[in-house]
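Each chain, letter by letter, is given below.
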Amino acid sequence: MKIFKLDGKVAIVTGGAGLYGKPISLALAEAGALVIVASRDLEKCEAYAMVLKQQGFKAEGMFLDMGDEQSIQNFTRKIIERHGQIDILVNNAVSREGFKDLEQVTKTEWERSQQINSTGLMLITQAVVLEMKVRGSGNIINIGSIQGVVGPNFGIYGDTGMTSPLNYTYDKWGMVGFTKWLANFYGKFNIRANCISPGGYGPGVAELIGKNEFVDNYKKMTPLGRFAEDDDIKGPVIFLASEASAYITGHNLLVDGGWTSW
């Protein structure tokens, strides 16, 4: 359907070559957008952009350090110089440095993660929204989490030694409020802002954890009985990035297999 197409759009995906970033970048490219795959790992970004181009899509890999204000400014300036516009910003990058329980996390670890997850989020959005405001059009999608919707269920981790870190809950709840502020303030400029809050991501769990007590408990606690897969995140991204959701802003879309419905 035409309303789901993104032909002629320029889309940024921060953390674009990561676990969530790859399916998000692929979805936007499949819909017709030129996708800027961005992170501190330029080699990885360029490699994934090449994968997309080999499939016939439009993509570029670019360096972006979300913890460096000058890097953010240089990054956005280069995109505007090359392409003249930024239509879609997907704030997907996240630092997991110092993700610990309250009694273990240090001030330094907390501040380092906030430099990216809070300050960096604000700075990249600020830089992009200035360009969107001039053109009177734009779309911001923030990638949150179920941990920004409900409190963590520590019991599901059992005896694995795993936890739900304090930083992550703080960051993702803040992201939802940030999204609503953006939506309400910039709606008059035809700029929309929405959040997607996914549940556990299957490929990431398989790669980083494997199979343990947490995995079994998580599935039991999810009405659909499984983790999210790549296609589960692609559809919501395209919906919110396209004119299919033209009258939706300030919304937090739960993509969690029913986890938060209990």
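Keep in mind that this is a model prediction, so the values were computed, not measured. (Residues numbered from 1 in each chain as written. Predicted model: local features only at pLDDT ≥ 70, side-chain atom pairs only at ≥ 80, totals over all residues. Heavy atoms only, no water.)

Asks: Is there a simple way to think about the overall build of the chain in this case?
Replies: Along its length, the chain carries 8 helices and 7 strands. Taken over the C-alpha trace, the chain has a radius of gyration of 18 Å; the compact-globule value for 262 residues is 18 Å, and the two agree within 12%. Along the three orthogonal principal directions, the C-alpha set of the chain runs to about 55 × 45 × 35 Å. Evaluated residue by residue, the chain yields a buried proportion of 50% over its 262 residues. Sequence-distant contacts, at least 24 apart, represent 75% of the contacts inside the chain between residues at least 6 apart. Of the roughly 12,400 Å² of accessible surface on the chain, a fraction of 54% belongs to carbon and sulfur atoms. With 26 positive and 28 negative side-chain charges, the chain shows a separation of 6 Å between the mean positions of the two kinds. (Helix = DSSP H or I, 4+ residues; strand = E, 2+ residues; numbered from the N terminus. Rg over C-alpha atoms; globule rule 2.2 N^0.38 Å. Buried < 20%, exposed > 50% of the residue type's maximum accessible area, 1.4 Å probe, protein only. Contact = heavy atoms within 4.5 Å. Areas by Shrake-Rupley, 256 points an atom, 1.4 Å probe, with all protein chains shown as cover. Lys, Arg positive; Asp, Glu negative; His and termini not counted. Charge placed at Lys NZ, Arg CZ, Asp CG, Glu CD.)

Asks: How should I be thinking about the packing of aromatic side chains in this particular structure?
Replies: Under the criterion given, the structure shown has 12 aromatic pairs. Both rings, one in Tyr157 and one in Phe214, keep their centres 5.1 Å apart while their planes meet at 15 degrees; by these two values the pair is stacked. Of the two residues, Tyr157 sits in the loop between strand E5 (138-143) and helix H5 (166-186) while Phe214 sits in helix H7 (residues 213-221), which places them 57 residues apart along the sequence. Taking the relative accessible area as the measure of exposure, Tyr157 reaches 8% and is therefore buried. In this structure an aromatic cluster arises from ring pairing among Tyr157, Phe214, Tyr218, Phe227 and Trp259. In this structure, Lys188 packs its charged tip against the face of Phe185, placed 4.3 Å from the ring centre. (Phe/Tyr/Trp six-rings, centres within 6.5 Å; stacked < 30°, edge-to-face > 60°. Lys NZ or Arg CZ within 6 Å of the ring centre and 35° of its normal.)

Asks: I tried to follow the environment of Leu34 on my own but got confused; where do I start?
Replies: Among the structural elements, Leu34 can be located in strand E2 (residues 34-39). Each C-alpha atom of the pair Leu34 and Pro23 lies 15 Å from the other, and the pair is 11 residues apart in sequence. With near-sequence residues (within four places) excluded, Leu34 lies in contact with Lys9, Val10, Ala11, Lys58, Ala59, Glu60 and His83.

Asks: Got a minute to help me understand H5 in this structure?
Replies: Think of an α-helix as turning once every 3.6 residues; residues three or four places apart then point the same way. Between the first and last C-alpha of H5 there are 30 Å, a value that for 21 residues agrees with the 30 Å anticipated at 1.5 Å per step. Restricting attention to buried positions, one finds in H5 the residues Asn167, Tyr168, Thr169, Asp171, Lys172, Met175, Val176, Thr179, Leu182, Ala183 and Tyr186. Residues of H5 that are buried in the fold lie against strand E4 (88-91), helix H4 (107-135), E5, strand E6 (191-198) and strand E7 (252-255). (Expected span 1.5 Å × (residues − 1).)

Asks: Would you explain the nonpolar core in this entry?
Replies: Across soluble globular proteins, nonpolar side chains have a tendency to be buried as a group. In this structure, Leu6, Ile24, Leu28, Val90 and Ile196 are the most contacted members of the largest nonpolar core, which totals 31 residues. When near neighbours in sequence (up to four residues on either side) are disregarded, Ile196 contacts Ile141, Asn142, Ile143, Gly144, Ser145, Ile233, Pro236, Val237, Leu240, Asn252, Leu253 and Val255. Counting residues in hydrophobic clusters, the runner-up holds 26 residues, among them Ile36, Leu123, Ala127 and Ile140. (Core = buried A, V, L, I, M, F, W, Y, C linked by side-chain atoms within 4.5 Å.)

Asks: Whenever I open this one, the pairing of E4 confuses me. Can you help?
Replies: Residue alternation in E4 divides its side chains into two sets, Ile88 and Val90 and Leu89 and Asn91, and both sets are buried. Direction of pairing for strand E1 (residues 10-14) relative to E4: parallel, over a ladder of 3 bridges. Note on E4: the bridge partner recorded for Ala11 is Ile88. For E4 and E5, the ladder comprises 4 bridges, and the chain directions are parallel. Its bridge partner lying in E5, Ile88 is registered against Asn139. (Pairing = 2+ DSSP bridges.)

Asks: I tried to follow the sheet that holds E1 on my own but got confused; where do I start?
Replies: Strand pairing in a sheet relies on backbone hydrogen bonds, with the paired strands running either antiparallel or parallel. Strand order in this open sheet of 7 strands is E3-E2-E1-E4-E5-E6-E7, and the pairing throughout is parallel. Single-partner strands in this sheet number two, and they are strand E3 (58-63) and E7. Taken over all neighbouring pairs, the strand axes of this sheet differ in orientation by 20 degrees on average, direction set aside. Alignment of E1 against E2, held across 5 bridges, turns out to be parallel. The residue of E2 that forms the bridge with Val13 is Val37. Sitting on the sheet, helix H1 (residues 21-30) is in contact with E1, E2, E3, E4 and E5, with an inclination near 175 degrees to E1. (Axes fitted to C-alpha atoms, helices over the stretch in contact; angles between N-to-C directions.)

Asks: Looking at this structure, how should I read a nonpolar patch on the surface?
Replies: A contiguous nonpolar surface patch, about 310 Å² in accessible area, is contributed by Met1, Ile3 and Phe4. Relative to the assigned elements, Phe4 resides in the segment before E1. Given a relative accessible area of 30%, Phe4 falls into the partly exposed group. (Patch = residues over 30% accessible without salt bridge, like charges linked within 9 Å, V, L, I, M, F, W, Y side chains within 5 Å. Salt bridge = Lys/Arg side-chain N within 4 Å of Asp/Glu carboxyl O.)

Asks: Even after reading the chapter, I still don't get unusual backbone geometry, so can you show me in this structure?
Replies: Of all residues except glycine, most have a negative phi; of all peptide bonds, most are trans. Non-glycine residue Asn190 carries a positive phi angle of around 60 degrees. The topology assignment puts Asn190 in the loop between H5 and E6.

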